[in-house]
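Chains, contacts and geometry: an overview
These are the residues of each chain, in order.
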Amino acid sequence: MATKTTLRTGSLLAATVLFLPIGIPAAEAAAPRPGASTLNDRLFPGLGNGGYDALSYDVSLDYRTGTTKMPASVTMRARATQSLSSFSLDSAGQQISLVTVDGRPAQYKLAKEKLTITPARPLYKYLPFTVRVVYTADRSQNPVSPGLDLPPGVPSPFTVWNETPDGFGVMGQPNREHVVFPSNDHPSDKAQYTLRITAPNDRTGVASGRLQAKYWHGATTTWVYRTAHPIKTDVVAIAVGKFRTIKQTGPHGLPLRAVRRARPHQPVRRGRAGDGRVVHLRTPTLAGREGRGRDAVHEMTHQYFGDAVSVRSWDDMWISEGHARYYERKYDASRGFTNLDQEPKDLYEADQQSRSQAGPMGQLNNQLAVLFDTDVPGQLMLTGLDTLVGDPTFRRIEQTFFDRYRDRDASTQDYIDVANEVSGRDLTQYFRAWIYGKTTPPMPERRPGCGVWRSGASSGVPPGRVVPSLRAESL
Ligand SMILES: [Zn+2]
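Below you will find a few notes about this structure. (Residues numbered from 1 in each chain as written. Predicted model: local features only at pLDDT ≥ 70, side-chain atom pairs only at ≥ 80, totals over all residues.)

Looking now at the overall build of the protein chain. Across its full length, the protein chain holds 11 helices and 19 strands. Burial statistics for the protein chain: of 475 residues in total, 43% are counted as buried. Considering only residue pairs separated by 6 or more positions, the protein chain has 67% of its internal contacts joining residues 24 or more positions apart. (Helix = DSSP H or I, 4+ residues; strand = E, 2+ residues; numbered from the N terminus. Buried ≥ 20, exposed ≤ 12 C-beta atoms within 10 Å, placed from the backbone. Contact = placed C-beta atoms within 7 Å.)

Right, let's get into the sheet that holds strand E15 (residues 238–241). Strand-to-strand pairing in sheets goes through backbone hydrogen bonds, with the strands running parallel or antiparallel. Read across the sheet, four strands follow the order E9-E10-E15-E12 without closing on themselves; strand pairing throughout is antiparallel. Edge positions in the open sheet fall to strand E9 (161–164) and strand E12 (204–207), since each of these has one partner strand only. Between one strand axis and the next, the sheet turns by 20° as a mean value, whatever way the strands run. The pairing of E9 with strand E10 (residues 167–170) spans four bridges and is antiparallel. Paired with Thr164 across the two strands is Gly167, which belongs to E10. (Pairing = 2+ DSSP bridges. Axes fitted to C-alpha atoms, helices over the stretch in contact; angles between N-to-C directions.)

Moving on, we get to the sheet that holds strand E8 (residues 128–138). The sheet built from eight strands is open, its strands ordered E5-E4-E8-E2-E1-E11-E14-E13 with mixed pairing. The open sheet has two edge strands with one neighbour each: strand E5 (104–105) and strand E13 (210–217). Pairing between strand E11 (residues 192–200) and strand E14 (residues 220–226): seven bridges, direction antiparallel. When the sheet's bridge partners are listed, Thr198 is paired in E14 with Thr222.

Let us look at the nonpolar core. Among the nonpolar cores identified, the biggest contains 54 residues, and Tyr57, Leu61, Ile197 and Ile238 are the most heavily contacted of them. In terms of residue count, the dominant contributor to this core is strand E2 (residues 69–80) (six residues). Apart from the residues lying within four places of it in its own chain, the contact partners of Ile238 are Leu61, Val170, Val180, Leu195, Ile197 and Ala207. Judged by nonpolar contacts, the second largest core, of 44 residues, contains Ala358, Phe372, Val418 and Phe431. (Core = buried A, V, L, I, M, F, W, Y, C linked by C-beta atoms within 7 Å.)

Before going further, it helps to examine unusual backbone geometry. Put simply, Gln173 and Pro174 share a cis peptide bond, and its omega is -5°. By secondary structure assignment, the location of Pro174 is in the loop between E10 and helix H3 (177–180). Despite not being glycine, Tyr126 has its phi angle at roughly 80°, a positive value. Mapped onto the secondary structure, Tyr126 falls in the loop between strand E7 (114–118) and E8. Phi is positive for Asp407, which is not a glycine, with a value near 65°. Looking at where Asp407 falls in the secondary structure, it is placed in the loop between helix H9 (391–405) and strand E19 (408–410).

All right, on to the packing of helix H6 (residues 343–358) against helix H8 (residues 375–389) then. The angle between the axes and the distance between the axes are what describe a pair of packed helices. With their axes 10 Å apart at the nearest point, H6 and H8 run at an angle of 120° to one another. With respect to H8, the axis of H6 lies oblique. Our pair here, H6 against H8, has a crossing hand that is left-handed. Across the interface between the two elements, Pro344, Leu347, Tyr348 and Asp351 from H6 touch Val376, Pro377, Leu380 and Thr383 from H8. Across the contact of H6 with H8, the residue classes break down as six nonpolar, one polar and one charged. (Parallel < 35°, antiparallel > 145°, perpendicular 65-115°, else oblique. Left-handed = near helix turned anticlockwise from the far one by under 90°. Nonpolar A, V, L, I, M, F, W, Y, C, P; charged D, E, K, R; others polar.)

Structurally, the position occupied by Tyr436 is in helix H11 (residues 428–436). Taking the C-alpha atoms as reference points, Tyr436 and Gly359, 77 residues apart in sequence, are found 8.3 Å from one another. Beyond its immediate sequence surroundings of up to four residues, Tyr436 is in contact with Pro360, Gly362 and Gln363.

Along H11, the residues that are buried comprise Tyr430, Phe431, Trp434 and Ile435. Projected down its long axis, H11 carries its buried residues within an arc of 110°, all on one side. (Arc of directions from axis to C-beta.)

This part takes up the packing of helix H5 (residues 318–334) against H8. Where H5 meets H8, the closest approach of the two axes is 7 Å, and the angle between their N-to-C directions is 70°. Considering the angle they form, H5 stands roughly perpendicular to H8. Crossing geometry of H5 relative to H8 is assigned as right-handed. Contacts between H5 and H8 pair Trp318, Glu321, Gly322, His323, Ala324, Arg325, Tyr326 and Arg329 from the former with Asp375, Val376, Pro377, Gly378, Gln379, Met381, Leu382 and Thr383 from the latter.

In this section: H6. For H6, spanning 16 residues, the distance from its first C-alpha to its last is 21 Å, which sits close to the expected 22 Å at 1.5 Å a residue. Helix geometry: H6 is bent most strongly at Ala350, by close to 40°. Taken residue by residue, H6 has Pro344, Tyr348, Asp351, Ser354, Arg355, Ser356, Gln357 and Ala358 as its buried positions. Buried residues in H6 make contact with helix H7 (369–372) and H8. Of the residues one or two after H6, Gly359 is the one with positive phi, at around 95°. (Expected span 1.5 Å × (residues − 1). Bend = angle between axes of the 7 residues up to and from the residue.)

Turning next to the pairing of strand E4 (residues 94–101). Taken residue by residue, a regular strand's side chains alternate between the two faces of the sheet. Note that E4 and E8 share seven bridges and pair antiparallel. Residue pairing across strands places Val99 opposite Val133, the latter belonging to E8. Across two bridges, E4 lies against E5 in antiparallel orientation. Across the sheet, Thr100 pairs through a bridge with Pro105, a residue of E5.

Alignment of strand E1 (residues 52–62) against E2, held across nine bridges, turns out to be antiparallel. From the neighbouring strand, Asp58 faces E2, where its bridge partner is Thr75. Two successive antiparallel strands, E1 and E2, enclose a turn made up of six residues, where Gly66 displays a positive phi of approximately 85°. Sheet topology places E2 next to E8; 11 bridges connect them, and they run antiparallel. Bridged to Arg77 within E8 is Thr130.

Printed below as a string of structure tokens:
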């Protein structure tokens, strides 16, 4: 009996060792278990997946005229942060035909916007793995975000796929990029991207990153773009159309590339398609008329705040939108289009009403508000901070924060910590009042004699379900 038991144990050990990669402690690898199917974001509780860190995505989309269906694939390279028996990706509206993990076919199930994948062999902590999903993306499929709390009969103001006369554009924010490609669709999991867009030769494929290559295959062309730095999923831009490219030079010789419609008699109206839905692809240039340059500066600011330094959770979205709005208005004022003595005052007086409707910018009460109700309060808070600490210190706060969190994500607390450290003051209460307070805090005296602004507005608007007003601003 004793001999038999020993033999059995020995066989089990031998079998286990066969599957264990060299160098992985047995304790780490002993119990592969399913990765979490959410990252527990307060505002988007179902979004994101645990158990791995996405490193890169390689996405292919094949646009064809006369159909909304596009053959597609995504290859995600990731590193396991626990030993995994199964794991999930965010995914919606796709027809999936094959999933492989490290080249081997894997079992999969798509339900409730989660693509759960069971690899043929467990994945071990610390080790990289590769998932490939082959699917059909259908631009007629625009499933509404499951957490969107819209009143009955009110359609979602956004669609992911936006048809244009000669192609399409995608709008993945805030939580819809996984309709375009299966992914770990949460801003805290940044990754590098290669985007391959195939289209007829008379169209241009445009995507995030730099153009790396163009391949001709008879009647079609594949455009390959690659990002130089990790970015978050929801800012991945993809479009196909008859475009022309405008090259410009920005401040300090910054090379700028804008893509506009080739036919000037059918312009995209400030980034909007004909049906009024927002298209992610931005078209303004710095040389445009009033408001156009402002939009360009807004989007360029996102390269720094939002993309290079991304938000750790959706409650931190003011870091992205507040800065974009702050710098766009400063640029606009430098061109004579915005009066920075008057506009912040008007915005300040309106803050209590939007705060009562949508909640404070760090604790919004509806998902769409991340796109519409974080920019202005963020601008006001940064304006007040500039006043409190003085412009040289404000600039050092901004530079330090950017340098420290570049290519990473940052939280609201990270920004507060940097501001306190650089200014040598404890500004925590100032930030908390603006970011989490239910009432509009006082605005520091901007100039001697100008007085402290105080909000006297009582909104009378009950908090609750709100349809954003869809201001015609940039996202
Ligand atoms: Zn924005």
